[in-house]
Amino acid sequence: MNKGVAGDPRPSTITEREPRVVNRNRARVVHFSLVVFALAIIAKSAQLQIYEGAYWTAEAQRLQVRVRDVPAERGRILDASGEVLVETREFMQLNITPANIKPNLQFPDARAAVRAELAWLGVPSALIRKSLDTKQKSVLLPGLYRRDQVAKVASMPGVDLDRRLVRDVSAPPGLLGILGTVSHNGAVAGGIEQEFDELLRGESGKRSLLRDGTGRLLESPQLSETPARAGYSVTLTLSKSLQEIAERELAAAMQRTGASGGDVVMLDPRDGAVLVLAGARNFRISGGSSTPLSEAYQPGSVMKPFLVAKLLDNGRVRESDVINTEDGKYTIGRRTITDEHKAQSMTVRDVVRLSSNIGVAKLSQLVSWREQFEALRDFGFGMATAVPYPAESRGHLATPASWTSMSPASLAMGYEVSATALQLAAAYATLANGGELLQPALIKHLHDPDGNMVFRHTRRVVRRVISEETALRMRTILQSVVDSGTATAATLTSFDVAGKSGTAKRYIGRSYSTGDYNSTFAGMFPAQAPQYVFVARLIDPRGKYYGGVVSGEMVNRILQAAIVTADVSLDHRALAAVARPYSPRNEKRLAMGRERSLTHSQRVAISGSDSVSPDALSSAALAPLEVVDASVRIVVSLPLARGNAASIESDPRASISSGLNARSDTDRTVMVPSISGLDVRQATRVLNSAGFQVKLLKGIEGRTRPATGERARVGSTIVLETAQ
């Protein structure tokens, strides 16, 4: 290499480059920008992941995950024996997305496969075409199918299943009003479904599904799921088997009598459990509402035992006290009260047995207005029974402030008061169980979803109304009504039945209708130790319309069927203990009683024993009460004029002879049977059958000494008075 000469001004061939100077300010700007950018990224990441993480996660889930509500299985409703009345069943509804119906390995021709399967399911051709139309975003088919029916179509592309829970009812038609309804969208209406909706409906769950690129929904184990919790199950006190019997016999009775409707209620007087609630309107069993709970009516003579029970309990009268019944016709001014069984006088026992309107009207004057009102309220009239039914009627019982002078007599005969069939049954249960008014019950058990019992019905006493002794005496009197009174059509050969009939004109519009009646029979079975209390009502029966005849016969048929039915509510061992041995004499006597009852019902007008028009009542004072003993006859004039309620309240029996109260039951072991309505030969036979000797004497025809209802030694002589 040549080197330049020193001092040579020309540059050498090899020169040295000087280092490039860095712009520090520019570098700082760049570095700062990078840091800011990095911080911005970090800040944005923090914003997205920390502060807005939940939002963007939800947005991602919204786009990729579909959350569906999982409806809870609604609780079951069962009858007293555990038989299912209402339960929830699972069905499937098809939701089709036409754009997603694309071929795959399993279904090369997916559209043809979907079309064929929908046709097999019975889907209309118009809906099939719509389901395959790609212009439709989605199509929800209206039909519901079992899971096994749609298993094949559910595996096809573009087809999803929507789970639907439907209430399946297998109860008799008459219970539909009690049970209530649940619509397809879960709205409840009426009955137990509405009253216990909060417990029955359970708690809904959540189910998450992933959406793939084609929009198809897939399950993923990574997604959370909240299971649904089923509702509580409700066990009713109602008996499905008894309900079916009652509905069948009610329908048969309507066809037999031409009645337009009716009600049947049965309950257990021992604990107040309601066993049957059957109703019919417009010639068919009613399913829309429970008329035995929602419809009150004026019941007529079935109300008579309650006044008599209070009088007996308070010591105002005795069964053997005799009342002047005016030979069956009592005229006050231009109005008349009549009895079917015409007699100059009747004992208190026979006033109930033969359903004397005159007798009970006079008995109503033995108490003050306030006492009579309180007596009816004590038996539960004028107030709701508090059963869990939203539309229960409380009936009607006016306070004494709005009464007229004839209200006491009207109330005693079952007018100016309205009650539901259930209220009547609860009142008769008081006579059947020893004098306690019980709260009727519809719910027997409640179980939670795990099967644990959280509620059990127990006997609930509202109040004591009468003593046990009085209740027993009333059952004996009511038994005589069926044995030989106005309701012999209800008699059973092997068991004693107790009850009371009533036939009342219907109040339609603003007046009582002529020819339209409520025919009722209420009572208990068996008479000695009641397990059933029943109220049977027929509306507007044609031809024979007396409650003891038409409704009594219906009760007879219901009881016969119930006895041979394996029902948990009936204690057959206890029933066998009170069964009456069969004898031709009993059968002949019962047949004779039925024939006599039918004869009277055919020939007597509606103003008879267990029916009276409200227009036949007068606002004037009633006639004096006659009290007759076997040895002495005392005529007593009670203060019955208008406006004397205060004097009656102070001492309603002040003028009754003290000698009457001095009678003793010493050495009397058998009750003297009633022979009212029988001729001399028949009466003699009945008295002989009871173990007595008979002596005929001239006097008041049909009267015995000792009187009917008194107790006398077996083998002693009974004086039977005759007109000749």
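Residues numbered from 1 in each chain as written. Predicted model: local features only at pLDDT ≥ 70, side-chain atom pairs only at ≥ 80, totals over all residues. Heavy atoms only, no water.

Caption draft 1: Seen up close, the overall build of the protein. Within the protein one finds 22 helices and 34 strands. When each of the 724 residues of the protein is scored for burial, the buried share is 51%. Pairs at least 24 residues apart make up 72% of the contacts formed inside the protein by residues separated by at least 6 positions. With an accessible surface of roughly 34,500 Å², the protein has 51% of that area assigned to carbon and sulfur atoms. (Helix = DSSP H or I, 4+ residues; strand = E, 2+ residues; numbered from the N terminus. Buried < 20%, exposed > 50% of the residue type's maximum accessible area, 1.4 Å probe, protein only. Contact = heavy atoms within 4.5 Å. Areas by Shrake-Rupley, 256 points an atom, 1.4 Å probe, with all protein chains shown as cover.)

Caption draft 2: Region of the structure containing the side chain of Glu117. Looking at where Glu117 falls in the secondary structure, it is placed in helix H3 (residues 110-120). The buried charged residue Glu117 lacks any salt bridge partner; its closest oppositely charged side chain belongs to Lys152, at an N-O distance of 4.1 Å. Filtering out sequence-adjacent residues up to four positions away, Glu117 remains in contact with Lys152, Val153 and Met156. (Lys, Arg positive; Asp, Glu negative; His and termini not counted. Salt bridge = Lys/Arg side-chain N within 4 Å of Asp/Glu carboxyl O.)

Caption draft 3: Region of the structure containing the pattern of salt bridges. Scanning all chains against the criterion turns up 30 salt bridges. Between Arg248 and Glu249 there is a salt bridge, with the nearest N and O atoms lying 3.9 Å from each other. The exposure class assigned to Arg248 is partly exposed, which follows from its relative accessible area of 46%. Here Glu249 falls in the buried class, since its relative accessible area comes to 11%. We note a salt bridge from Asp378 to Lys310, for which the minimum N-O separation is 3.2 Å.

Caption draft 4: Highlighting the sheet that holds strand S25 (residues 498-508). Taken in spatial order, the six strands of this open sheet run S14-S13-S12-S27-S26-S25, and their pairing is antiparallel. In this open sheet, the two edge strands, each paired with only one partner strand, are strand S14 (284-285) and S25. Relative to strand S26 (residues 511-525), S25 is paired through ten bridges, and the arrangement is antiparallel. Across the sheet, the residue bridging to Ala498 is Met524, located in S26. In the packing of helix H9 (residues 240-257) onto the sheet, contacts are made with strand S12 (261-267), strand S13 (274-281), S14 and strand S27 (532-539), and the angle to S13 comes to roughly 30°. (Pairing = 2+ DSSP bridges. Axes fitted to C-alpha atoms, helices over the stretch in contact; angles between N-to-C directions.)

Caption draft 5: View of helix H14 (residues 369-378). Here H14 has its buried residues at Gln372, Phe373, Ala375 and Leu376. Angularly, the buried residues of H14 cover 160° about the axis, an arc narrow enough to put them on a single face. Phi turns positive one or two residues past the end of H14, at Gly380, with a value near 100°. (Arc of directions from axis to C-beta.)

Caption draft 6: Geometry of the sheet that holds strand S32 (residues 704-705). Strand order in the open sheet formed by three strands is S31-S34-S32, with mixed pairing between adjacent strands. Each edge of the open sheet carries a strand with a single partner, namely strand S31 (693-698) and S32. Pairing of S31 with strand S34 (residues 717-722), which is carried by six bridges, proceeds in the parallel orientation. Bridge pairing in S34 places Val694 opposite Ile718.

Caption draft 7: View of the packing of H9 against helix H18 (residues 547-563). For the pair H9 and H18, the least separation of the axes is 9 Å and the interaxial angle reads 145°. In this structure, H9 meets H18 at a crossing whose hand is right-handed. In contact with Leu242, Ile245, Ala246, Arg248, Glu249, Leu250, Ala253, Arg256 and Thr257 of H9, H18 contributes Val550, Glu553, Met554, Arg557, Ile558, Ala561 and Ala562. Of the residues in the contact of H9 with H18, the class split is ten nonpolar, one polar and five charged. (Left-handed = near helix turned anticlockwise from the far one by under 90°. Nonpolar A, V, L, I, M, F, W, Y, C, P; charged D, E, K, R; others polar.)

Caption draft 8: How the structure looks around unusual backbone geometry. With an omega dihedral of -15°, the bond running from Phe525 to Pro526 counts as a cis peptide bond. The residue Pro526 is located in the loop between S26 and S27 in this model. Here Arg705 and Pro706 are connected by a cis peptide whose omega angle stands at 0°. Structurally, the position occupied by Pro706 is in the loop between S32 and strand S33 (711-712). Here the phi dihedral of Asp327 falls at roughly 60°; this positive angle occurs in a residue that is not glycine. As for its position among the elements, Asp327 is in the loop between strand S15 (322-324) and strand S16 (329-332).

Caption draft 9: The arrangement of the pairing of strand S11 (residues 233-236) in detail. Along S11, one buried face is formed by Ser233 and Thr235 and the opposite face, lined by Val234 and Leu236, is buried too. Strand direction decides the pairing type here: S11 and strand S22 (residues 443-447), joined by four bridges, are antiparallel. Looking at the pairing, Leu236 lines up with Ile443 of S22.

Caption draft 10: Representation of a nonpolar patch on the surface. On the surface, Val35, Leu39 and Ile42 cluster together into a nonpolar patch covering about 290 Å² of accessible area. Along the chain, Leu39 turns up in helix H1 (residues 24-51). (Patch = residues over 30% accessible without salt bridge, like charges linked within 9 Å, V, L, I, M, F, W, Y side chains within 5 Å.)

Caption draft 11: Structural context of the environment of Met266. The topology assignment puts Met266 in strand S12. When its relative accessible area of 1% is taken as the criterion, Met266 is described as buried. In the structure, Met266 is positioned 156 residues away from Leu422 in sequence and 8.3 Å away in space, judged by C-alpha atoms. Excluding anything up to four places from it in sequence, Met266 contacts Val274, Leu275, Val276, Tyr532, Val533, Phe534 and Ile558.

Caption draft 12: Summary view of the packing of aromatic side chains. Taken as a whole, this structure holds eleven aromatic pairs when the rule is applied. Measuring from ring centre to ring centre gives 4.9 Å for Tyr507 and Tyr512, while their planes differ by 75°; the resulting arrangement is edge-to-face. Judged by its relative accessible area of 44%, Tyr507 falls in the partly exposed class. One aromatic cluster in this structure is built from Phe306, Phe379, Phe381 and Tyr428. Across the ring face of Tyr297, the terminal group of Arg537 is positioned such that the distance to the ring centre comes to 3.8 Å. (Phe/Tyr/Trp six-rings, centres within 6.5 Å; stacked < 30°, edge-to-face > 60°. Lys NZ or Arg CZ within 6 Å of the ring centre and 35° of its normal.)

Caption draft 13: Summary view of the nonpolar core. In terms of nonpolar packing, the biggest core is built from 118 residues, with Leu363, Phe381, Leu431 and Phe525 touching the most fellow members. Among the elements that take part in this core, helix H16 (residues 421-432) stands out by supplying ten residues, more than any other. Filtering out sequence-adjacent residues up to four positions away, Leu363 remains in contact with Leu307, Val308, Leu311, Val317, Ile323, Val348 and Val351. With 20 residues, the next largest nonpolar core counts Leu94, Ile101, Leu118 and Val123 among its residues. (Core = buried A, V, L, I, M, F, W, Y, C linked by side-chain atoms within 4.5 Å.)

Caption draft 14: Molecular detail of the environment of Val308. Positionally, Val308 belongs in helix H11 (residues 304-313). In this structure Val308 comes out as buried when scored by relative accessible area, which is 1%. Separated by 56 residues in the primary sequence, Val308 and Ser364 have C-alpha atoms spaced 8.7 Å apart. Sequence-distant contacts of Val308, defined by excluding residues within four places in its chain, comprise Val348, Val352, Leu363 and Met474.

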